[in-house]
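Letter by letter, the chains look like this.
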Amino acid sequence: MTVYPSQLVQIREIRGKNWFPPILKESTMSEDFLPIKGMDHVEFYVGNAKQAAHFYRTAFGFTNTAYAGLETGSRKVASYVMEQGNIRLVLSCALTPDHPIARHTHLHGDGVGVIAVEVPDAADAYLQATKRGATGAIKPTELEDEHGVYRFSAIRCYGDTLIKFVDRANYHGPYAPGFVARNGGSNGRTGRGRHKGVGLAAIDHMVGNVELGAMNRWVNFFAETMGFSQLIHFDDQDISTEYSALMSKVMQNGNGKIKFPINEPAEGKKKSQIQEYLDFYYGPGVQHIACSTGNIIETVSQLRDNGVEFLRVPTTYYDDLEARVGKINEPIDQLAELGILVDRDDEGYLLQIFTKPVEDRPTVFFEIIERHGARGFGKGNFKALFESLEREQALRGNL
Ligand code: FE2
């Protein structure tokens with residue numbers, strides 16, 4: 001593998017970790033100066049990538065399509081690329097104690113280190129974001145091997161999370177240079193290690209938790225440095241229970257393909273679920289990844305059979321469901337059996353369910369969502385859901 005660390009762009013200034021982008025004006029929010037084709041991958045930094053890969057295969061139905069590690073010449077990091085539908089997760093662990101991934105997992109536990117989006121030009125994306133105030137993390141870089149050229153760059157996002165810009169238009173190998181295909185690669189059809197999947201199709205949205213008072217600064221970060229606009233705003237009146245509360249704003253990119261809601265804790269009688277996350281993650285980070293499916297009953301049935309644990313709402317939730325959300329295609333008794341929630345807005349309805357955290361710390365979890373026209377996030381379910389979350393939080397001694 002030949003590495004060409006190109007110096008296409010000079011980093012203006014590396015700012016400290018506590019730097020926040022300035023509050024900005026509306027006028028800069030509409031122009032799509034940073035076009036994004038879609039999500040490229042989400043990279044988890046984990047303590048043991050081999051075992052995590054096994055979990056995402058057997059529990060969530062992903063197939064390991066590419067690998068880099070000692071056998072491929074990667075001396076410091078082992079990475080497993082896991083794919084299902086259009087979702088690509090990369091599970092990476094450090095092979096040495098002083099590697100940044102080792103420090104990340106020591107501090108945060110297993111969590112999302114990198115949110116990667118596919119762009120037409122990784123150097124220009126970096127230039128556009130950094131000239132508007134984003135902090136550069138990885139300068140525009142090219143990796144080249146016999147399969148072509150893979151280009152990427154990265155900026156800093158909330159906490160220790162990076163946003164990576166990937167341009168793979170001229171790269172035709174397995175995942176990225178340095179990786180070898182596993183189980184037939186991305187487009188493989190056969191192979192013992194291939195999982196037929198549980199129907200997960202794409203990443204619908206990814207939510208970040210930030211500290212009290214920081215939400216608007218990160219809303220402005222996405223607006224100013226990446227040209228996102230605000231789709232929805234939920235305040236603590238929308239999202240509160242007797243005990244805890246949170247506020248949320250949903251940011252989306254120019255073509256609407258990328259949605260990044262941002263939560264901050266709000267004052268309640270007891271500790272907000274967002275604060276519990278921040279306490280155990282030791283700072284801001286990705287809270288949940290929502291994966292879409294075309295058949296949530298089938299997907300959740302399989303996930304449950306595979307041992308994935310979900311949050312449950314009281315069965316009374318289903319008593320007056322049809323009165324609240326109107327006619328839906330799915331049999332309500334099956335939804336009740338699986339604990340799937342329903343919400344309706346002006347454009348249609350959606351079905352959703354949330355897993356329990358997928359690690360011992362009460363941090364990152366997944367959402368499974370099926371949309372029938374609705375473009376919201378399940379506002380009508382917030383109360384029932386958060387009461388369910390609080391029961392879990394109380395069991396952990398954190399409410
Ligand atoms: Fe969500």
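None of these values were measured; they are calculated from a predicted model. (Residues numbered from 1 in each chain as written. Predicted model: local features only at pLDDT ≥ 70, side-chain atom pairs only at ≥ 80, totals over all residues. Heavy atoms only, no water.)

Caption draft 1: Region of the structure containing the side chain of Glu-43. Relative to the assigned elements, Glu-43 resides in strand E2 (residues 38-45). One buried charged side chain, Glu-43, makes no salt bridge at all; its nearest oppositely charged neighbour is Lys-164, positioned 4.6 Å away. (Helix = DSSP H or I, 4+ residues; strand = E, 2+ residues; numbered from the N terminus. Buried < 20%, exposed > 50% of the residue type's maximum accessible area, 1.4 Å probe, protein only. Lys, Arg positive; Asp, Glu negative; His and termini not counted. Salt bridge = Lys/Arg side-chain N within 4 Å of Asp/Glu carboxyl O.)

Caption draft 2: Examining the packing of aromatic side chains more closely. Applying the stated criterion across every chain, the model contains 22 aromatic pairs. Aromatic side chains Tyr-150 and Phe-152 sit 5.7 Å apart centroid to centroid with 45° between the ring planes, which places their arrangement in the tilted category. Phe-152 matches Tyr-150 in its accessibility class, with the two residues each being buried. Ring centres of Phe-221 and Phe-222 lie 5.2 Å apart, and the angle between their planes is 80°; this geometry places the pair in the edge-to-face category. Both residues of the pair, Phe-221 and Phe-222, belong to the buried class. Every member of this aromatic cluster is reached through a ring pair, and the members are Phe-44, Phe-55, Tyr-56, Phe-60, Phe-62 and Phe-366. The ring of Phe-33 carries the charged tip of Arg-132 above its face, separated from the ring centre by 3.4 Å. Here Arg-371 stacks its cationic end above the ring of Phe-377, 5.4 Å away from the centre of that ring. (Phe/Tyr/Trp six-rings, centres within 6.5 Å; stacked < 30°, edge-to-face > 60°. Lys NZ or Arg CZ within 6 Å of the ring centre and 35° of its normal.)

Caption draft 3: Geometry of the nonpolar core. If you look at the biggest cluster of nonpolar residues, it comprises 95 residues, and the most contacted ones within it are Phe-44, Phe-165, Phe-222 and Ile-289. Residue contributions to this core reach at least three from each of two domains, namely domain 1 (10-20 + 29-181) and domain 2 (200-396). In this structure, Phe-222 is in contact with Cys-157, Tyr-158, Ile-163, Gly-227, Phe-228, Met-251, Phe-260 and Ile-262, ignoring residues within four places of it in sequence. (Core = buried A, V, L, I, M, F, W, Y, C linked by side-chain atoms within 4.5 Å. Domains from an automatic or database assignment. Contact = heavy atoms within 4.5 Å.)

Caption draft 4: Quick look at the coordination of the iron ion. Donor atoms from the polypeptide that coordinate the iron ion comprise His-205 (NE2), His-288 (NE2) and Glu-367 (OE), at 2.0 to 2.2 Å from the metal. In the primary structure, the donors to the iron ion are separated according to the pattern H-x82-H-x78-E. With His-288 in strand E15 (residues 285-293) and Glu-367 in strand E18 (residues 365-372), this residue pair connects regions lying 79 residues apart in the sequence. For Glu-367, a relative accessible area of 1% corresponds to the buried category. (Donors = N, O, S within 2.8 Å, 3.2 Å for Na, K, Ca; no water.)

Caption draft 5: Expanded view of the pattern of salt bridges. Inspection of every chain in the model, using the stated rule, returns 13 salt bridges. Between Arg-304 and Glu-337 there is a salt bridge; the shortest N-O distance is 2.8 Å. You can see Arg-304 sitting in helix H6 (residues 296-305) and its partner Glu-337 sitting in helix H8 (residues 332-338), a full 33 residues away along the chain. Residues participating in the shared-partner salt-bridge network are Asp-40, Arg-88 and Arg-168.

Caption draft 6: The pairing of strand E3 (residues 63-68), seen in detail. Burial of E3 is extensive: six of the six residues sit out of reach of the surface. Note: E3 against strand E4 (residues 77-84), five bridges, orientation antiparallel. Each residue of the ladder has a partner; that of Ala-66, found in E4, is Val-81. When E3 meets strand E10 (residues 180-181), the two strands line up antiparallel, connected through two bridges. Within the sheet, the bridge partner assigned to Tyr-67 lies in E10 and is Val-180. (Pairing = 2+ DSSP bridges.)

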